[in-house]
Amino acid sequence: MTGPVGLGIGWRPEIAGFVAGLPGLPFVEVIAESVPAAGPLPAELTALRERGVAVVPHGVRLSLGGAEPVDPARVAHLAAVAELTDAALVSEHIAFVRAGGLEAGHLLPLPRSREAVTAVCANVARAQAELPVPVALEPVAALFDWPDDELDEAAFLTEILDRTGAHLLLDIANVYANARNRGADPLDLLDRLPLERVAYAHVAGGAEQDGYYHDTHTSPVSPPVLDLVGELCTRHRPPALLLERDGNYPPAAALRAELDALAAVGGLPVVT
Amino acid sequence: MNPASPANVPATRPTDPTVTTLAARQAALVAALVAGAPPPPGFAPEALAATRTALLRKRAGETARYWPLLATGLHPRWLEVFQHWAAGRPPAGALCEGWELARQLQRAGELPPLGADELACWQAGYHYPEPGRPPRPRRLPSWGRVGGAVAIQFAGRVRLLRSARRRT
């Protein structure tokens, strides 16, 4: 399996100092769009690279699930960031973020239809042709479903992975959020996904609001999500786990405790 | 049988004349979520409304990262003010959105002093002639003035010379 090994954390400028102080850290993820294609990397990221910490560029605005062909300039940017960071793997989402000339501002789910599978696979193939390294695809959290889904989530995702040969970036918090908001059992999805294709798994905290569970990345990882990480590892232990935090940053001790808890559940070396 | 095997994927349904292309349907959905267009048929209205709100909350957070003083100055009403302003207005990027909101609040006489300070600093450092075009860094020494706030920029460094008057 190409890609990271061990326990990582999403690198964000706000917690760069904290991340720099993690002695055993094997890898970080960086939002690809936050890095200028021509460089230079933020100094803290360069320092991590010099320490041997691997970097996975994580795209959020490619819109691989858009019906229109993916923007070659955005693919070129992701490719350039992969080169800059000497990455072994990049990741993006099975989602679209713009349509009809409008930006949505976040990742939106696709209809689980044959037409959408074809569209996303075509865009992934276009990206793969230009990227210097393999790509892992991440299914997203959504508060709504399209009215005419033809496939269930497992069949939809498996079909895309089979046709593109891409790795899976499984976000356990998304699995939890979707199941909870649909009133489904998250284990049903875990039981049916090709877990041997998981390059790494995302873990994050969310919040209940207006009757929905939102994958906000601004709260601590909750016990049910941590339990679900355990369920994943029981079925097939992924090579790597990554903690995502995107705001409302806690004191360093709390973040360290979250990393330690993840290492324990995932059977991975402690990084703190 | 492996339930996830491609062979188990059902074939496409017969073409429904009311169903248009994926591109058109994605466009209609995004327009409904961010531009005030009516919800496309068949979607659960509550779920779309929750998504609309979540998108606004995310935009508010991103804008606050570029405009921390504006957000702080509007505390505890920041989220409410931003969401009211942004509802039905397609996303334009966090820097531009904070800029537009600050301008509108200034015109209405509702820009808090911290927001005036921040707008003056951005104006000193960046040229932002009109919505729809990204702000560009100013090359020459320049200044920004918003209400009582005055900021200057020289060689790319911005300094706030005078703060807007704090209301007591």
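Refer to the structure above for everything that follows.
1. Concerning the packing of helix H2 (residues 45–66) of chain B against helix H4 (residues 78–86) of chain B
Relative placement of two packed helices is described by the angle separating their axes and the distance separating the axes.
Residue and element names in this part refer to chain B.
Step number 1: Their axes nearest at 9 Å, the elements H2 and H4 cross at an angle of 115°. When the axis of H2 is compared with that of H4, the two are roughly perpendicular. Here the hand of the crossing between H2 and H4 comes out right-handed. Seen from H2, the contacting residues are Thr53, Leu56, Arg57, Arg59, Ala60, Thr63 and Ala64; seen from H4, they are Trp78, Leu79, Phe82, Gln83 and Ala86.

2. Some thoughts on the interface of chain B and chain A
Step number 1: At the junction of the two partners, chain B supplies 36 residues and chain A supplies 39 residues.
Step number 2: For the pairing of chain B and chain A, the buried interface totals around 3,200 Å² over both sides, and the portion due to carbon and sulfur atoms is 65%.
Step number 3: Put simply, chain B and chain A have three salt bridges between them.
Step number 4: Seen at the junction of chain B and chain A, the total is seven residue pairs in polar contact (both at pLDDT 80 or more).
Step number 5: Of all the elements in the fold, those that place two or more residues in the side of chain B that touches chain A are helix H1 (22–34) and H2 of chain B.

3. Quick word on unusual backbone geometry
Step number 1: Along the chain, Gly39(A) connects to Pro40(A) via a cis peptide bond; the corresponding omega equals -5°.
Step number 2: Mapped onto the secondary structure, Pro40(A) falls in the loop between strand S2 (27–31) and helix H2 (43–50).
Step number 3: Of note, the bond from His75(B) into Pro76(B) is cis; its omega dihedral lies within 30 degrees of zero at 0°.
Step number 4: Inspection of the secondary structure assignment puts Pro76(B) in the loop between helix H3 (68–73) and H4.
Step number 5: One non-glycine residue, Ser63(A), lies in the positive phi region at around 60°.
Step number 6: Its location among the elements puts Ser63(A) in the loop between strand S3 (54–58) and helix H3 (72–84).
Step number 7: With a phi close to 55°, Ala155(B) is a non-glycine residue in the positive phi region.
Step number 8: Here Ala155(B) is to be found in the loop between strand S4 (149–154) and strand S5 (157–162).

The rules behind each value
- Residues numbered from 1 in each chain as written.
- Chains lettered and ligands numbered in written order.
- Predicted model: local features only at pLDDT ≥ 70, side-chain atom pairs only at ≥ 80, totals over all residues.
- Heavy atoms only, no water.
- Axes fitted to C-alpha atoms, helices over the stretch in contact; angles between N-to-C directions.
- Helix = DSSP H or I, 4+ residues; strand = E, 2+ residues; numbered from the N terminus.
- Parallel < 35°, antiparallel > 145°, perpendicular 65-115°, else oblique.
- Left-handed = near helix turned anticlockwise from the far one by under 90°.
- Contact = heavy atoms within 4.5 Å.
- Buried area = accessible area lost by both parts, 1.4 Å probe.
- Salt bridge = Lys/Arg side-chain N within 4 Å of Asp/Glu carboxyl O.
- Polar contact = N/O pair within 3.5 Å; in protein donor to acceptor, adjacent residues only side chain to side chain.

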